[in-house]
Amino acid sequence: MTWMSEVLSLCSCVRLAPYRGWLAVICSVFCSSFIYFYCFHSLRAVWGLQPTPTTDLMVGIIAGVVNVLVTTPLWVVNTRIKLQGANLQNANIRPTCYSGIVDGLVQTVRGEGLGGLWNGTVPSLLLVLNPAVQFSVYQGLKRHLGGDTTELSSLQVFVMGAVSKTVATVLTYPLQTAQSLLRCCQSSDRQAQNWNRSWSLLSQRVRTQGMLCLFRGLEAKLLQTVLTAALMFLLYENIAHYTFQIIGTNRDT
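Quick look at the structure, then. Just so we're clear, the structure is a prediction, and the values are computed from it rather than from any experiment.

## Observations regarding the side chain of T79
Move 1: Residue position: T79 is located in helix α3 (residues 53-82).
Move 2: For T79, a relative accessible area of 13% corresponds to the buried category.
Move 3: Of note is the side chain of T79, whose polar atom sits 2.8 Å from the backbone oxygen of W75.

Take a look at the structure:
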């Protein structure tokens with residue numbers, strides 16, 4: 001059974017709408033992207049760093065940490081909203097009935113305490129390597145192809161965004177598996193948030209299902225994230241280009 005047939009089967013069997021949780025996703029992506037890009041460019045400007053692969057990676061990791069600590073509650077609720085109505089056989093996952101992000105945040109705090117909003121923070125912090133690698137690869141490709149975005153076509157920007165996200169996703173996908181499992185868990189046991197819990201989830205899946213289980217669903221993830229990242233970078237570069245033209249300021253690469 002292919003990943004596409006699994007998605008269609010899930011939609012038909014559990015009556016899960018294809019666009020369930022779309023508003024929560026949009027809100028989470030907007031906040032996450034804004035915080036990451038704002039922190040990345042602000043830190044590089046304040047510290048006066050020249051754009052190099054090393055500085056891009058370093059600043060990207062710091063911006064990623066800030067992003068994770070601020071937006072993890074949104075992604076916890078987002079993950080649970082998307083799974084509402086699914087018949088998942090896991091004792092740690094209880095059915096939820098959130099009407100939206102705010103309602104999900106309130107119910108999570110009431111049922112699990114404030115710490116419940118940061119379930120999966122440990123693998124999320126490790127996953128700051130994902131956007132850091134993505135942005136470093138993207139910036140490296142951009143400098144290699146000319147540096148100044150005015151010399152790059154929309155197709156080149158789109159392809160660079162897709163390639164950079166593909167590299168980052170493949171390298172960090174096992175951690176994303178652990179992250180999703182921890183975000184779904186609804187337990188007041190704070191052990192569920194530490195590294196031992198993350199490691200035990202991954203090792204248990206490897207023992208029972210084999211090493212390839214860590215990459216299950218990678219095709220669907222690549223299709224979703226690669227297209228999203230490519231379009232995001234395309235819009236980002238064009239908006240930034242016209243914004244700097246309007247205000248009459250030169251833009252660093």
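## Notes on the nonpolar core
Move 1: Counting 15 residues, the largest nonpolar core has F40, F135, V157 and F233 as the members making the most contacts within it.
Move 2: Listed by contribution, the elements that provide at least two residues to this core are α2 (22-46), α3, α6 (129-144), α7 (154-184) and α9 (218-247).
Move 3: Contact partners of F40, with chain neighbours within four places excluded, come to D56, V59, G60, A63, F135 and Q139.
Move 4: Among the nonpolar cores identified, the runner-up in size contains 6 residues, and A24, I81, Y98 and I101 belong to it.

## Considering the packing of α2 against α3
Move 1: Interhelical geometry of α2 versus α3 gives an angle of 165 degrees and a closest axis separation of 8 Å. Classified by the interaxial angle, the pair formed by α2 and α3 is roughly antiparallel. Note that α2 runs across α3; the crossing there is right-handed.
Move 2: For the contact of α2 with α3, the class distribution of residues is 17 nonpolar, 7 polar and 3 charged.

## Some details on the packing of aromatic side chains
Move 1: All chains considered together, the criterion is met by 12 aromatic pairs.
Move 2: Their ring planes at 85 degrees and their centres at 6.2 Å tell us that F37 and F233 sit as a pair that is edge-to-face. With F37 in helix α2 and F233 in helix α9, the pair connects residues that are 196 residues apart, well separated along the chain.
Move 3: Take F37: its relative accessible area is 13%, and that puts it in the buried class.
Move 4: Aromatic ring contacts, followed pair by pair, group Y36, F37, F40, F135, Y138, F233 and Y236 into a single cluster.

Calculation criteria
Residues numbered from 1 in each chain as written. Predicted model: local features only at pLDDT ≥ 70, side-chain atom pairs only at ≥ 80, totals over all residues. Heavy atoms only, no water. Helix = DSSP H or I, 4+ residues; strand = E, 2+ residues; numbered from the N terminus. Buried < 20%, exposed > 50% of the residue type's maximum accessible area, 1.4 Å probe, protein only. Polar contact = N/O pair within 3.5 Å; in protein donor to acceptor, adjacent residues only side chain to side chain. Core = buried A, V, L, I, M, F, W, Y, C linked by side-chain atoms within 4.5 Å. Contact = heavy atoms within 4.5 Å. Axes fitted to C-alpha atoms, helices over the stretch in contact; angles between N-to-C directions. Parallel < 35°, antiparallel > 145°, perpendicular 65-115°, else oblique. Left-handed = near helix turned anticlockwise from the far one by under 90°. Nonpolar A, V, L, I, M, F, W, Y, C, P; charged D, E, K, R; others polar. Phe/Tyr/Trp six-rings, centres within 6.5 Å; stacked < 30°, edge-to-face > 60°.

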